[in-house]
Amino acid sequence: MERYVCIHGHFYQPPRETPWLEAIELQDSAYPYHDWNERITAECYEPNAASRILDAERRIVQIANNYAKISFDVGPTLLHWMEAKAPEVYRAILDADRESRERFSGHGSALAQVYNHMIMPLANPRDRRTQVAWGIRDFEHHFGRAPEGMWLPETAVELETLDILAEFGIQFTILAPHQARRVRRIGARTWQDVTEATLDPTMPYQVRLPSGRALGLFFYDGAIARAVAFEGLLSSGEHFAARLLGAFSNARSWPQLVHIATDGETYGHHHRHGDMALAYALHHIESNALARLTNYGEHLEHHAPTHEVEIAENTSWSCAHGVERWRSDCGCRTGGEPGWNQAWRAPLRQALDWLRDTLAPLYEQRARELLRDAWAARDDYVRVILDRSSESVDRLLEAHAARPLSEPETTTALRLLELQRHAMLMYTSCGWFFNELSGIETVQVLQYAGRAVQLAEELFGDRTESEFLERLAQAKSNVPVHRDGARLYERFVKAAMVDLRKVAAHYALSSLFEEYPETARIYCYSVGREDEKSLEAGRARLSFGRARITSEITGESGRLTYGVLYFGDHNLNGGVREFRDDEAYRAMAEQLTGAFARADFAEILHLLETHFGTHTYSIRTLFRDEQRKILDLILESTLSETEASYRQVYEHHAPLMRFVADLGIPLPRAFHMTAEFMVNTNLRSALQEETPDTERIQALLEEAERWNVALDAAGLGYALEQSLERMAERFRASPSEFVLLQNLVATVGLARSLPFEVDLWKAQNVCYEMLRRVYPGMRARADRGDEEAKRWVEAFATLGDRLSVRVL
């Protein structure tokens, strides 16, 4: 009897997004966030944070073609982030889907995902439709084909959602085995009740829907999935393969599909080297013809369902109580302190439901003036989200505008649609999943709600925010300092809000430290400089001017005047106001220029207050990335002075320190701290060299051992990772340059010898690419007696050995 195996990986990494800037970073949801400020501070100064966050997604790509052999779904936000920040991983995912179509009878392994991971049974009918429509369109944008299957967030399910999937042409989805209620052979009358233990997961099922449509359902093997995710099965690829094969039974008379579904980051992120166990298991099964690898689309085409199923509605894979995890204190949680509760979940959802239902009729009424069908336009708005060009906006309006719209009316229409986008984003599931209201995930959904509130007050002029805060106040934090949802909103949402003034302030303040072109792009805003004057005197700098700020999202635009003064260290003050007229602008310019010529800084500050009133800003106003960049520049000289002082002490007293160490006497604390600082500083500098000097680095490591100092493993590892990535890229660009290969071999050898971990992912991928693209030609030349090619092949074999890449 035919035997098939399918592994599904679900990739959804919650974003940490600034809704007002459309700036997306990823957050590692496995980290127990107890304090927002503490986590943000850690991310500011932890150099390795970004690579650790990406680790979950890129580990599985490390084994070159796993994606082509497994089924997977990747969240839209994650795909967009990778497209911009990790293009190599992004391309590997798209390539894998193309390769899987060749492998699996034209069926791609990628599944679509509901757009922003909303718990569908808790959504209203209109949002369910838009979520499916947007998820499909986003998938088509990336993968260039229509999806066959769609992953439901947390596998949360009810019949209406399945009916919508079928209506939109989706052929199947994947559920947990406990989500089946009863089954029967198609055409039979008698139903058989099932549980996870009695359901047979090796066959596809069909569910009949209220509309008369039908949809394919696959129920994964729950026992094996749990063993993979939580019971250490990935500690051995051989055991993993054996467990999969052990699920087949000779007692069955139909083609059997053994399949599991887990979070994709299980393979390598949650379980170290789990990606290797997966690769081994797949290779072992395939190379020994123990079963045939397949994906869901191919299996469904060749093996149509023979049984139908009734589902257990309002259930999910991650809550034992159905879907209560996203609306009540059901007991499902992830850690937290003793005595914590999740009673905040219900009032949070109630507050967001109130906001959604309050804004919907206002949206509908206002949109009716501009759009033929407000909700059809919303369904189609995803095309603009994927392509923010003016041509894309024109196409949307051509299809949906009630009449030709003026520029201000176009801006209003886009604001209305953005309001609706954020009114859906605020339901992203991770906002309820974890243990505490002040967690970064929940604050994120509050920021989405805050953007919807801000747009509503601009569009409708109502007092939505105050009523919303009254409801949020009912959601109580477990952390006393955060108190409740209203307090969190005031601290972390209001403070993050952005308008044209704040963008202008950011432009003005940051322009003192970097040179902008005449037309600059700051996140999702364009800044057109109309006039600017800059003056310097010693450390002091003054800049003032006027610019047009335009939102690339809504088209909102305004002319603003700014003035900013910097007089050393962190002393940075500025102001912004709407441009009044040329006369007022000239008067301000003359007054500021005169005061600066007299070095009368007190007068300049007074003039800034006079001309800009309460709309004044400081370094705290800068957007976070720029804030860090400017603080680095400001701190650079201070840190250089500090390093020079430490170096002087270290070098002056080094003989005495060595003498004390040779006697076996512990170094005095002051000497030990100095040695630790200087050894780590010197090591970091050496590791950041274009080609690290291995002898110097070895000497510094011996020095660290002599002084018994702690190495900054994370910082040093990251420094060498960056150097290796640059070296690997140079080798990729010029693979025939033997010296580049030699240097890479030596540095990888150094990385392997260090007393801390260095991520070799980039070098491994480049090595694998060169193995496929360059090595065959070099090997052929070497076989013909080319001495240079022989040296290259030998060195490349050494590189492969050090990177654990098999070179044949």
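(A) Expanded view of the packing of helix α18 (residues 440–460) against helix α19 (residues 464–472). At a closest axis distance of 9 Å, the pairing of α18 and α19 adopts a crossing angle of 150°. In terms of their interaxial angle, α18 and α19 are classed as roughly antiparallel. Each of Leu446, Ala449, Val453, Ala456 and Glu457 in α18 lies in contact with α19, whose residues at this interface are Thr464, Glu465, Phe468 and Leu472. Grouping the amino acids of the contact of α18 with α19 by side-chain chemistry returns 6 nonpolar, 1 polar and 2 charged.

(B) Region of the structure containing the pairing of strand β16 (residues 525–537). The pairing of strand β15 (residues 519–522) with β16 spans 4 bridges and is antiparallel. Bridging from a neighbouring strand, Thr519 pairs with Gly528 of β16. Linkage of β15 to β16, two consecutive antiparallel strands, is achieved through a turn of 2 residues, within which Tyr523 is found at a positive phi near 55°. The sheet contact formed by β16 and strand β17 (residues 540–551) spans 12 bridges and is antiparallel. Residue pairing in the sheet places Lys533 in a bridge with Phe544 of β17.

(C) Region of the structure containing helix α22 (residues 582–597). Given a rise of 1.5 Å per residue, 16 residues ought to cover 22 Å, and the 22 Å separating the end C-alpha atoms of α22 matches this to within 8%. Among the residues of α22, Tyr585, Met588, Ala589, Leu592, Ala595 and Phe596 are the ones counted as buried. Around the axis of α22, the buried residues are gathered within 140° of arc, so they sit on the same side. Turned more than 90 degrees off the buried face of α22, the exposed positions are Glu583, Glu590 and Ala597. Looking at the buried positions of α22, the neighbouring elements they touch are β16, β17, β18 (557–566) and α23 (601–612). The residue sitting at the N-terminus of α22 and contributing the capping side-chain oxygen is Asp581; that oxygen lies 3.1 Å from the backbone nitrogen of Glu583.

(D) Representation of the packing of α22 against α23 within the structure. At a minimum axis distance of 8 Å, the contact between α22 and α23 shows a crossing angle of 165°. Considering their axes alone, α22 and α23 lie roughly antiparallel with respect to each other. The way α22 lies across α23 gives a crossing that is left-handed. For the pair formed by α22 and α23, the contact residues are Met588, Gln591, Leu592, Ala595 and Phe596 on the first element and Phe601, Glu603, Ile604, Leu607, Leu608, His611 and Phe612 on the second.

(E) Spotlight on the packing of aromatic side chains. On inspection of all chains with the given rule, the structure shows 24 aromatic pairs. Taken together, the ring pairs connect Phe731, Tyr775, Trp792 and Phe796 into an aromatic cluster. Just above the ring of Phe433 sits the side chain of Arg325; from NZ or CZ to the centre is 3.6 Å. Sitting over the ring of Phe612, Arg577 keeps its end group 5.8 Å from the ring centre.

(F) Highlighting helix α21 (residues 500–510). Within α21, 11 of the 11 residues are buried, which leaves it mostly tucked inside the rest of the structure. For α21, the complete set of buried residues consists of Leu500, Arg501, Lys502, Val503, Ala504, Ala505, His506, Tyr507, Ala508, Leu509 and Ser510.

(G) Focus on the pattern of salt bridges. The tally for this structure, following the rule as stated, stands at 46 salt bridges. Notably, a salt bridge pairs Arg128 with Glu158, separated by 3.9 Å at the nearest N-O pair. Within this pair, whereas Arg128 is found in helix α6 (residues 125–143), its partner Glu158 is found in the loop between β6 (150–151) and α7 (159–167), the two being separated by 30 residues in sequence. Across this residue pair, the class does not change: Arg128 and Glu158 are buried. Residue Glu530 is joined to Arg546 by a salt bridge in which the shortest nitrogen-to-oxygen separation is 3.3 Å. Placement of the pair is Glu530 in strand β16 and Arg546 in strand β17, with a sequence separation of 16 residues.

(H) Examining the pairing of β18 more closely. Buried residues dominate β18, accounting for 8 of its 10 residues. Taken together, the 10 bridges between β17 and β18 define a ladder with antiparallel strand orientation. Across the sheet, the residue bridging to Arg541 is Tyr566, located in β18. Linkage of β17 to β18, two consecutive antiparallel strands, is achieved through a turn of 5 residues, within which Gly555 is found at a positive phi near 85°.

(I) Seen up close, the nonpolar core. Judged by nonpolar contacts, the single largest core of 107 residues is most densely connected at Tyr381, Phe468 and Ile549. Among all residues touching Tyr381, those that are not within four sequence positions of it are Trp134, Arg388, Leu396, Leu414, Leu417, Glu418, Arg421 and Ile553. In terms of nonpolar packing, the next biggest core, distinct from the first, is built from 52 residues, Leu700, Leu750, Met770 and Val774 among them.

(J) Local environment of the side chain of Arg501. Tracing the backbone shows Arg501 in helix α21. Nearest to the buried, unbridged Arg501 among oppositely charged side chains is Glu578, at 4.4 Å. Here Val576 takes part through its backbone oxygen, which lies 3.3 Å from a polar atom of the side chain of Arg501. Residues within four places of Arg501 in sequence aside, it is in contact with Leu560, Val576, Arg577, Glu578, His615 and Tyr617.

Rules used in this analysis
- Here, residues in each chain are numbered from 1, in the same order as that chain's written sequence.
- Only residues with pLDDT of at least 70 are given local features in this predicted model, and only at 80 or more are side-chain atom pairs given and counted; all residues enter the totals for whole chains, interfaces and linings.
- With hydrogens and water excluded, all non-hydrogen atoms of the structure serve as input to the side-chain values.
- Inter-axis angles, ranging from 0 to 180 degrees, are taken between N-to-C directions of lines fitted to C-alpha atoms, where helices are fitted over the stretch in contact.
- Going along the chain from the N terminus, every DSSP run of H or I of four or more residues is numbered as a helix, and every run of E of two or more is numbered as a strand.
- Note that the term roughly parallel is reserved for angles under 35 degrees, roughly antiparallel for angles over 145, roughly perpendicular for angles of 65 to 115, and oblique for everything else.
- In this description, contact between two residues means that some pair of their heavy atoms is separated by no more than 4.5 Å.
- Residues are grouped as follows: Ala, Val, Leu, Ile, Met, Phe, Trp, Tyr, Cys and Pro are nonpolar; Asp, Glu, Lys and Arg are charged; every other residue, Gly included, is polar.
- For two strands to pair, DSSP has to find at least two bridges joining them.
- The span you would expect from a helix comes to 1.5 Å times its residue count less one.
- Here the term buried applies to any residue with accessible area under 20% of the maximum for its type, exposed to any over 50%, and partly exposed to those in between, with areas from a 1.4 Å probe on protein chains only.
- The directions from the helix axis to the C-beta atoms form the arc being described.
- Polar contact criterion, stated in full: a pair of N or O atoms within 3.5 Å, where within protein one must be able to donate a hydrogen and the other to accept it, and residues adjacent in sequence count only if both atoms are side-chain atoms.
- By the definition used in this description, the sense in which the near helix is turned from the far one sets the handedness, with an anticlockwise turn below a right angle giving left-handed and a clockwise turn giving right-handed.
- Pairing of aromatic rings covers Phe, Tyr and Trp, the last counted by its six-membered ring, and requires centre-to-centre distances within 6.5 Å; plane angles under 30 degrees mean stacked, over 60 mean edge-to-face, and any other angle means tilted.
- For a ring to carry a charge above it, either NZ of a lysine or CZ of an arginine must fall within 6 Å of the ring centroid while also lying within 35 degrees of the normal to the ring plane.
- For salt bridges, the criterion is a side-chain nitrogen of Lys or Arg within 4 Å of an Asp or Glu carboxyl oxygen.
- Residues grouped as a nonpolar core are buried Ala, Val, Leu, Ile, Met, Phe, Trp, Tyr and Cys residues, joined through side-chain atoms within 4.5 Å.
- In summary, the charge assignment counts Lys and Arg as positive and Asp and Glu as negative, without counting His or the chain termini.

Spatial relationships are all this shows, so hold off on functional conclusions.
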